[in-house]
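Structural overview for review
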Amino acid sequence: MHFHELPLQESLLRATDELGYEEATEIQQACIPAILKGKDVIGKSQTGTGKTAAFGLPLLQLCHIQQGKKLPQMLVLLPTRELAMQVGEDLRKYLKYTEGLRTVIVYGGEPIVNQINELKKGADIIVGTPGRILDHIERSTIRLHQCDKLVLDEADEMLDMGFREDIDLIIEELPSERQSVMFSATMPKEILELKERYLKDPVFLQAKTQHETAQTISQYAYFCKQAQKKEVLMQLITLKRPELSMVFCNTRKMVDELTGDLVAKGYPAACIHGDMKQEQRTSVLERFKNHKIHVLVCTDVAARGLDIANLDIVFNYDFPQENEYYVHRIGRTGRAGKEGVSITLLNHRQHFLLNQVQKMTKAEIIVKPLPTQAEIAQIRTEQLYGDMLDLMQGSPTATMHTILDRLIQAGYSERDVACMLMQQYFDDTLIESIDPNAEDVREFELPEQTTIYLNLGTRQGI
């Protein structure tokens, strides 16, 4: 279905045309007519399916132009600052040719005074994170008694981050007669409880392509011992040389630890996670988008809502805790018809997980052996040749010419000098192969003269 076949007003269609929207996605085709009819909607949809337009366009069309003091009539709750900023900016883009509707974005990590000043100017649409929204409610800088449109986006992530109580307190401020829309990538018991409590006779919608992965993504997996994973990751980054790559871990602790190890080894890496201040996260993302950082390490929650163009490789350093997150992660590469690569690191006990994901996605994940020393040497030789071609585009300084002249006077040919310099560079940068059969490294060692007492209990107790 083309966007112009949807029952949207001309000002919104003009904005979507300018944004390059042509064909509506499945979730958009299903959601937009249902929401325009005033129905509550619960959608099972992952990042990248166009759900912001699916709820944003029809709810914006249902907003009315207010005379005098603007009071919120639409509230969008999201789990992270980054996602709030992205969704808020998308809504502003949709409203480019719609006069009289104002969007304000609020989130933690920046001075609340700035947001209060923006809210004083009036807001028809408020987009924000639960903690900061609740903070404004307690300060009476946000009043929701006339807000009759609610969106809970990435609801499963908000619950995972501990926002359930905040969500309950915020919804208590809304009028009982309202239209509610909720999107979640997964449907655990807690989400169904939210649906029962806050949505009225909702329409359930789900894109058929929920678990499919893009045809443009080549998917690979490497098996190694747990203690080898960092070394394998560094080896693959060196051999693949991605311009931009994301590395996913399951915990903040692992994100910090892995980033520190990468930086210590000279890799241009940085991380984002929920414990960082907003200005730090914004700075890291800007440096990443500007290619000053080439490796971004993060958790699933921190990465929600990040839209990075031309991402070469997604590394699953830790296998995701839910299989569906595998699709979310690797879907960040191979976008807009471009080629992308995903690489998953697994230990040998996780083979069954690989089988599960392949059945779910109906896509082949190619298991590759760790590269041998001969393969590494061949790849590094080709890389060195490319590096030298790039270097030859420049011009050496007068000092370098002087040193070369002195070496020639000492009896060395230009060919010998060039080959020796390349040999030194090659030797310094050549990485070692990893033996997949090596014994695993112990995670810890007991100090000497340690006595261990075991209480085996009774047979019944066991």
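What counts and how
- Residues numbered from 1 in each chain as written.
- Predicted model: local features only at pLDDT ≥ 70, side-chain atom pairs only at ≥ 80, totals over all residues.
- Heavy atoms only, no water.
- Helix = DSSP H or I, 4+ residues; strand = E, 2+ residues; numbered from the N terminus.
- Buried < 20%, exposed > 50% of the residue type's maximum accessible area, 1.4 Å probe, protein only.
- Contact = heavy atoms within 4.5 Å.
- Areas by Shrake-Rupley, 256 points an atom, 1.4 Å probe, with all protein chains shown as cover.
- Pairing = 2+ DSSP bridges.
- Right-handed = clockwise from strand over helix to strand, strands pointing away.
- Phe/Tyr/Trp six-rings, centres within 6.5 Å; stacked < 30°, edge-to-face > 60°.
- Lys NZ or Arg CZ within 6 Å of the ring centre and 35° of its normal.

Scanning the protein chain for helices and strands turns up 18 helices and 14 strands. Of all 462 residues assigned to the protein chain, the portion counted as buried reaches 47%. A sequence separation of at least 24 residues applies to 76% of the contacts in the protein chain between residues at least 6 apart. Within the structure as shown, the protein chain displays about 24,300 Å² of accessible surface, and the carbon and sulfur contribution to it stands at 50%.

Glancing now at the pairing of strand S11 (residues 295-298). Looking down a regular strand, the side chains alternate between one sheet face and the other. With burial as the criterion, each face of S11 is covered, one bearing Val295 and Val297 and the other bearing Leu296 and Cys298. Pairing between strand S9 (residues 245-248) and S11: 4 bridges, direction parallel. Residue pairing across strands places Val247 opposite Val297, the latter belonging to S11. In this sheet, S11 lies alongside strand S10 (residues 269-272) in parallel orientation, the contact comprising 4 bridges. The partner of Ala269 across the bridge, within S11, is Val295. Remark: the S10/helix H12 (residues 278-289)/S11 crossover connection has right-handed handedness.

One pass over the full model with this rule turns up 4 aromatic pairs. With centroids separated by 6.2 Å and ring planes inclined at 70°, the aromatic side chains of Tyr21 and Tyr94 adopt a geometry described as edge-to-face. With Tyr21 in the loop between helix H1 (10-18) and helix H2 (26-36) and Tyr94 in helix H4 (residues 81-94), this residue pair connects regions lying 73 residues apart in the sequence. Owing to a relative accessible area of 25%, Tyr21 belongs among the partly exposed residues under this scheme. Arranged with centres 6.3 Å apart and planes meeting at 20°, the rings of Phe319 and Tyr326 form a pair that is stacked. There is no split in this pair, since Phe319 and Tyr326 are both buried. Three or more aromatic residues link up through ring pairs in this structure, and these residues are Phe3, Tyr21 and Tyr94. Lying across the ring of Tyr97, Arg14 places its NZ or CZ 3.7 Å from the centre.

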